[in-house]
Amino acid sequence: MRHFLTLKDFTKEEILEIVNLGIEIKKDLRAGIYKEELKHQTLAMIFEKSSTRTRVSFETGMFQLGGHALFLSNRDIHLGRGEPIKDTARVISSMCDMVMIRTFEHSMIEEFASYSKVPVINGLTDSYHPVQLLADYMTMLEYGISENATVAYVGDGNNMTHSWMMLAAKIGFELRIATPKGYEVDGDILAEALKIAKGSGAKISVMNDPKEAVQGATIVTTDTWASMGQEDEKYTRIKDFQGFMVDDLMMCLAAKNAKFLHCLPAYREQEVSESVLEGHADIVFDEAQNRLHAQKGLMVWLNRHR
Ligand code: CP
Ligand code: NVA
């Protein structure tokens, strides 16, 4: 049995298998074919943070695969009142077939997985957001920009950045990360990604100058400056991130026809200008919809590997 906690635990071939399965399932959906491979199965979804895309995509995806999804916020279950993670994990995994968790500390999901009898999927932690990267990679493949991609990530060194690092390291493309001073990526995760990158030929570099990062890039991406749980720092961060907005001038430095990606939700005129976001709306909203297809691929893959 496999859990999906970070891309670190998956080979390039496995990531491709999952994403290609998602692409196949997407084609079936377009043709009105529902294979219901997860018929009678239940996915428990534990949300300790807000969500639009993650909830809608997992719940819809599970239904389309013939199964059922349970939405459990920490206001509804005893986990939020102090029932131990290990007890919650043993109870839920004795009744459900898969569990998706969105939480704060990455160690929570690791502890849960270590007690779970069924596959656990990371739906975002403070450290990683791997399901988003499955959708992003699917989008790159569909737009024909995965081979020799140079991705520039401009903004906060956060869960999205860490997951981009793992995807680049596994797949083998170039990733340049520009963060303001004091908002760099986690040093241990960077070291791990660089180690993996040695085997794949990926080039991962970190810097503090966004212009240097986007120079000639084929994909430019960013994320909110204040992640969930950092609401109190919002105004300080707006000051500290001056010069890091992805706007038309910054996109001019990237390659001709460079694409822009954003996991959403986007904060216009902060990490991205209205004009860049709306100018790349086709790909950004395809990326968002691909959450549904990529995660259906993931759930089917995990079910086949137990
Ligand atoms: N991108 C993403 O995970 O969105 P939600 O927070 O809306 O789920
Ligand atoms: N970094 C963001 C991603 C949201 C999908 C957050 O953690 O809030």
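Scroll up to find the structure this text is about.
Residues numbered from 1 in each chain as written. Chains lettered and ligands numbered in written order. Predicted model: local features only at pLDDT ≥ 70, side-chain atom pairs only at ≥ 80, totals over all residues. Heavy atoms only, no water.

(A) Here's a closer look at the environment of Arg-30. Mapped onto the elements, Arg-30 comes out in helix H1 (residues 12–30). Residues Arg-30 and Ala-202, spaced 172 residues apart in sequence, show a C-alpha to C-alpha distance of 34 Å. Among residues more than four places away in sequence, those in contact with Arg-30 are Gln-289 and His-293. (Helix = DSSP H or I, 4+ residues; strand = E, 2+ residues; numbered from the N terminus. Contact = heavy atoms within 4.5 Å.)

(B) Just the site of ligand 1, in detail. If you check the shell around ligand 1, you find Ser-51, Thr-52, Arg-53, Thr-54, Arg-102, His-129, Gln-132, Cys-263, Leu-264 and Arg-291 and nothing else. A distance of 3.0 Å separates a nitrogen atom of ligand 1 from a polar side-chain atom of Gln-132. Cys-263 has a polar backbone atom sitting 2.9 Å from a nitrogen atom of ligand 1. Alone, ligand 1 offers 260 Å² of accessible surface; in the complex the protein occludes 96% of this. (Near = heavy atom within 4 Å. Polar contact = N/O pair within 3.5 Å; in protein donor to acceptor, adjacent residues only side chain to side chain. Areas by Shrake-Rupley, 256 points an atom, 1.4 Å probe, with all protein chains shown as cover.)

(C) Local environment of the layout of surface pockets. What the largest pocket holds in volume is close to 640 Å³. Taken together, 35 residues make up the lining of the largest pocket; nearest its centre are Thr-224, Ala-226, Ser-227, Met-228 and Pro-265. By residue number, the principal contributor to the lining of the largest pocket is helix H9 (residues 234–240), which donates 3 residues. Classifying every residue of the lining of the largest pocket gives 11 nonpolar, 13 polar and 11 charged. Forming the walls of the second largest pocket are 15 residues, and the residues nearest its centre are Ile-25, Asp-28, Lys-35, Glu-37 and Leu-65. The set of elements that each furnish at least two residues to the lining of the second largest pocket consists of H1 and helix H12 (281–304). Counting residues per element, the lining of the second largest pocket draws most heavily on H1, which supplies 5 residues. (1 Å grid on protein atoms, 1.4 Å probe; cavity = no way out; pocket = protein on both sides within 12 Å on 5 of 7 lines; lining within 4 Å. Points joined across faces, edges and corners; volume = space filled by probe spheres on them. Nonpolar A, V, L, I, M, F, W, Y, C, P; charged D, E, K, R; others polar.)

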